[in-house]
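So you can see what is in the structure, the chains are spelled out below.
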Amino acid sequence: MKPVDVSYVRARSVEHALEALLDGDAKLLAGGHSLLPMMNFRLAAPEILVDIDGLVSLDRVVASDDEVLLGALIRHERLVQDPAVSSRLPLLSAAAQHIGHLAIRNRGTLGGSLAHADATAELSAACLALGASVVCDRAGGRRREIAIDDFLQGMYTTVLEPDEMITWVRIPVPTPGAGWGFREFAPREGDFAIAGACALVDADRVRVVVFGVEQRPRAFELERSVWEDDPVSGWIGGLEPFDEPDFRRDVAETMVRRAVADATERTAHRA
């Protein structure tokens, strides 16, 4: 199957792209690995495609000691390779490394992944674990910044309005000495994950995000001392998988335990 006929706009600037979103049923196109397959299957049928691939102003990393500001058009592979990202946000780099194959990582974008909101998406889960916020712009200079936990609503569903565009993602740098872990299970390398987990562990707290199980990633956080009482089975039992519930819960529990073990080991190494 092929997509319906569509008009095409090549955005010259962020402002031009935002104005084009006001002209009808428009969708933004960057890497294209999420939108174009949905158009081919007629799951999406926009009237206008607004191509933002050339907006170099959004392909930037702005790093400080406290946070990293990432442009929406940063490619997945740059999240893996960029030293400013990998040194400050190694969890995000590890998550990006698990996305599909190299050809996909070379084209797919951070903003596109978050806007698509696939329940199996590694970057949504990592951003949730890291406490990221999403900067969304509208024509006329209007802007809002949304915590990722509020931004993600469900499978392929966010609070992004039709005339809004993700421009930046703001991610705080974890506390010094924090350990991280990322684990996922997929039938084959590059396939969508059956279930996965991100973990951040510091001296006082354990934060875990489970993804690929429910309609959106789910975060859990507790004091590190409470973790010793082994609450994992109770957490996992409370999940509501979108399919294959027993299998996904079993895989998720294993991924959580391994991710937290990795994070705890890295914490010990930094102590």
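Structure shown above.
Predicted, not measured: the structure shown is a model, and the values here were computed from it. (Residues numbered from 1 in each chain as written. Predicted model: local features only at pLDDT ≥ 70, side-chain atom pairs only at ≥ 80, totals over all residues. Heavy atoms only, no water.)

Visitor: Please explain the nonpolar core as it appears in this structure.
Guide: One broad trend across soluble globular proteins is that nonpolar side chains are buried collectively. Formed by 43 residues in total, the largest nonpolar core has its most connected members in Leu70 and Leu92. With 7 residues, the single largest contributor to this core is helix α8 (residues 122-130). If sequence neighbours within four positions are ignored, Leu92 has contacts with Leu70, Leu79, Val85, Leu123, Ala126, Cys127, Leu130 and Ile171. (Core = buried A, V, L, I, M, F, W, Y, C linked by side-chain atoms within 4.5 Å. Buried < 20%, exposed > 50% of the residue type's maximum accessible area, 1.4 Å probe, protein only. Helix = DSSP H or I, 4+ residues; strand = E, 2+ residues; numbered from the N terminus. Contact = heavy atoms within 4.5 Å.)

Visitor: Whenever I open this one, empty space enclosed by the protein confuses me. Can you help?
Guide: Unoccupied space between atoms shows up once a probe the size of one water molecule is rolled over them. One pass over the full model with this rule turns up 1 cavity of 30 Å³ or more. The computed volume of the largest cavity comes to approximately 30 Å³. Residue lining of the largest cavity: Ala117, Asp118, Ala119, Ser124, Leu152, Gly154, Gln215, Arg216 and Pro217, and that is the complete set. For the lining of the largest cavity, the class distribution of residues is 4 nonpolar, 3 polar and 2 charged. (1 Å grid on protein atoms, 1.4 Å probe; cavity = no way out; pocket = protein on both sides within 12 Å on 5 of 7 lines; lining within 4 Å. Points joined across faces, edges and corners; volume = space filled by probe spheres on them. Nonpolar A, V, L, I, M, F, W, Y, C, P; charged D, E, K, R; others polar.)

Visitor: So what exactly am I meant to see when it comes to the packing of aromatic side chains here?
Guide: The relation between two aromatic rings is expressed through the spacing of the ring centres and the mutual angle of the planes. This structure, assessed with the given rule, holds 3 aromatic pairs. For the pair Phe182 and Phe211, a centre-to-centre distance of 5.8 Å together with 25° between the ring planes defines the contact as stacked. Note that Phe182 is positioned in strand β11 (residues 179-185) and Phe211 in strand β13 (residues 205-211), a separation of 29 residues in sequence. On the basis of relative accessible area, Phe182 is assigned to the buried category, the value being 6%. Exposure remark for Phe211: the relative accessible area of 1% places this residue in the buried category. Where Trp227 meets Trp235, the ring centres are 5.9 Å apart and the plane angle is 50°; that geometry is what we call tilted. Neither Trp227 nor Trp235 differs from the other in exposure class; each is buried. In textbook terms, an aromatic cluster arises when at least three aromatic residues are bridged by ring pairs, as seen for Phe220, Trp227 and Trp235. Above the face of the Trp180 ring, Arg266 is positioned so that its terminal group lies 3.7 Å from the ring centre. (Phe/Tyr/Trp six-rings, centres within 6.5 Å; stacked < 30°, edge-to-face > 60°. Lys NZ or Arg CZ within 6 Å of the ring centre and 35° of its normal.)

Keep in mind these numbers describe shape, not what the thing actually does.
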